[in-house]
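Close look at the chain arrangement
What follows is each chain in one-letter form.
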Amino acid sequence: MTYALGFYLSLLLTGWNSTEGFHRRRLALRRWLILCLFWPLFILLQVINAICLYLDNWLFPGYRQVVVRQPVFVVGMPRSGTTFLHHLLALDEDRFTTAVLWELIFAPSIVQRRFWGGLGRLDALIGRPLGRVVYGAERLLLTWLDDVHKTGLQAPEEDFLGLLPAGGCFLLVLLFPRQQFWHLAHFDRDLPAAEQARILGFYRRLVQRHLYCRGPDKTYLSKNPSFSPMVAGLARTFPDARFIACFRNPTDAVPSQVSSMLNVAVAIDPRADTSYWREHLTELMQFYCHHLLQVLPALPPAQHAFVTMEALSQAPLATLQRLYQCLQLPLSDAYRRALAPEVERARHYRSRHDYSLGGLGFSPERLLNAFDSVYLRFGYPPPRRRQDRDSHTFVTESAYNGR
């Protein structure tokens, strides 16, 4: 945590005029305004989190004795159904416990969870006035993300956000597109062993804290596409961990992810360089895929499984049954009943995230060369051009047939 605070302070001093990932010829007034709001709140929050995490060692030392048994990590390509799968798995409440957004940002420590939990109970006794204010602020701040990634303070969320106090959260690359953060996206390959051990040790203690509060008999469930480059390190840290890797046709997944990330980058700074983000994000997803297909098959069969978004969206119950069987988990009657309405709701879901392939500058040849192992491993049809007014448009056979 001391390292992270020093790192963030250096960013505070040097990160105002970042030109990497942005066109230099235009002013960055919006970026400056965002950073003026971001830095005071962020540094204050990280200082509070660091103090409370330190206090845990004195007030709740028992958390270090919690044994993390067979955690489940949902990893994979971004935009490949990981959020949907995480949501379905989290319904198995008798088995799993998972982190929610407010804990990850405002209460990574046991001290903070006790404080906010007590304040919430007091608020409930007087009619929840504070709760209504928080909910209104939540919708005001997060509604703009609904089309890309719907979330909420009480929603299960990616626990890589819990690595912010350790300087290990890749998401900050959107504000500061620097090599330090791109290295996090190639964790097992690019980070020194000591740095990997520091971040993974911190993460293990976060999981222990979570189980200390939620119940040490529970199985910890994590969903993070950003953990895909960390699977080798996670397997060392949690030798009995189980991994579910989600994949999707790269012809759909790669442009979708680049579009969603580019939208955020442009919202932060209108100078965003489309080619910079396209190249870096495409290479990042390429590494994720190849790393997963290389590392996970080396684990015992009961510790890893692959699932495609296409199978999950078309037959969610059958896909879950196969996953549970592969990972040697019993599927209870209570869980089946909890799944029923979610499976029905999934039949009518349609994404509202729109993007133009031509506008993003992708070619079928580039995708096929970069993701050949994915196309071959899962039998996806190769991308092909469709000759029309937009010569950059290309589709898969399935998309062309209206599926």
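Presented here is a report on the structure given in the accompanying data block. (Residues numbered from 1 in each chain as written. Predicted model: local features only at pLDDT ≥ 70, side-chain atom pairs only at ≥ 80, totals over all residues. Heavy atoms only, no water.)

**Focus on empty space enclosed by the protein**
Keep this limit in mind: Buriedness of a pocket was judged along seven lines, with at least five required to meet protein on both sides within 12 Å; pockets are open sets of points on a 1 Å grid over the protein atoms alone, cavities are sets where a 1.4 Å probe fits but cannot get out, and lining residues have an atom within 4 Å of a point. Grid points are joined across faces, edges and corners, and a volume is the space filled by probe spheres set on the points. Strands here are runs of E lasting at least two residues and helices are runs of H or I lasting at least four, both read from the DSSP assignment and numbered beginning at the N terminus. Only Asp, Glu, Lys and Arg are considered charged, only Ala, Val, Leu, Ile, Met, Phe, Trp, Tyr, Cys and Pro nonpolar, and every remaining residue, Gly among them, polar.
The tally for this structure, following the rule as stated, stands at two cavities of 30 Å³ or more. Estimates place the volume of the largest cavity at around 90 Å³. Looking at the largest cavity, the residues that line it are A99, E103, L104, P108, R113, D159, G162, Y203, L206, V207, H210 and Y220. Among the secondary structure elements, those contributing two or more residues to the lining of the largest cavity are α4 (101-106) and α9 (193-214). Grouping the amino acids of the lining of the largest cavity by side-chain chemistry returns seven nonpolar, two polar and three charged. One number sums up the size of the second largest cavity: a volume of about 60 Å³. Lining the second largest cavity, in full, are F160, L163, G168, F170, L184, F187, I199, S226, F227 and M230. Along the lines of polarity and charge, the residues of the lining of the second largest cavity split into eight nonpolar, two polar and no charged.

**What about the packing of aromatic side chains?**
The description of an aromatic ring pair uses the distance of the two centres, along with the angle that the planes make with each other. Short version of the rule: For this analysis, a ring pair means two rings from Phe, Tyr or Trp (six-membered ring only for Trp) whose centres lie within 6.5 Å, classed as stacked if their planes differ by under 30 degrees, edge-to-face if by over 60, and tilted for the remaining angles. The buried label goes to any residue with under 20% of its type's maximum accessible area, the exposed label to any with over 50%, and the partly exposed label to all in between, with areas taken from a 1.4 Å probe on protein chains only. Lysine and arginine charges are scored as sitting over a ring when NZ or CZ, respectively, is within 6 Å of the ring centre and within 35 degrees of the ring normal.
Under the criterion given, the structure shown has 24 aromatic pairs. Ring geometry for W182 versus Y276: centroids 6.3 Å apart, planes at 65°, classification edge-to-face. In this pair, W182 is assigned in helix α7 (residues 179-184) and Y276 in helix α12 (residues 274-295), connecting sequence segments 94 residues apart. Neither residue differs from the other here; W182 and Y276 are each classed as buried. Taking 6.2 Å as the distance between ring centres and 90° as the angle between the ring planes, the aromatic pair formed by Y203 and F238 counts as edge-to-face. Of this pair, Y203 sits in helix α9 while F238 is found in the loop between α10 (231-237) and β4 (242-247), placing the two residues 35 residues apart along the sequence. A cation over a ring is seen here: R189 above F287, with NZ or CZ 5.0 Å from the ring centre. It is R377 that lies over the ring of F378; its NZ or CZ is 4.8 Å from the centre.

**Observations concerning the nonpolar core**
Put simply, the rule reads: Here, nonpolar core means buried Ala, Val, Leu, Ile, Met, Phe, Trp, Tyr and Cys residues that are tied together by side-chain atoms lying within 4.5 Å of each other. In what follows, a contact means two residues having at least one pair of non-hydrogen atoms within 4.5 Å.
Formed by 85 residues in total, the largest nonpolar core has its most connected members in Y8 and F247. Among all residues touching Y8, those that are not within four sequence positions of it are W39, F42, I43, Q46, L164, G167 and L172. Among the nonpolar cores identified, the runner-up in size contains 22 residues, and L221, C246, Y324 and L327 belong to it.

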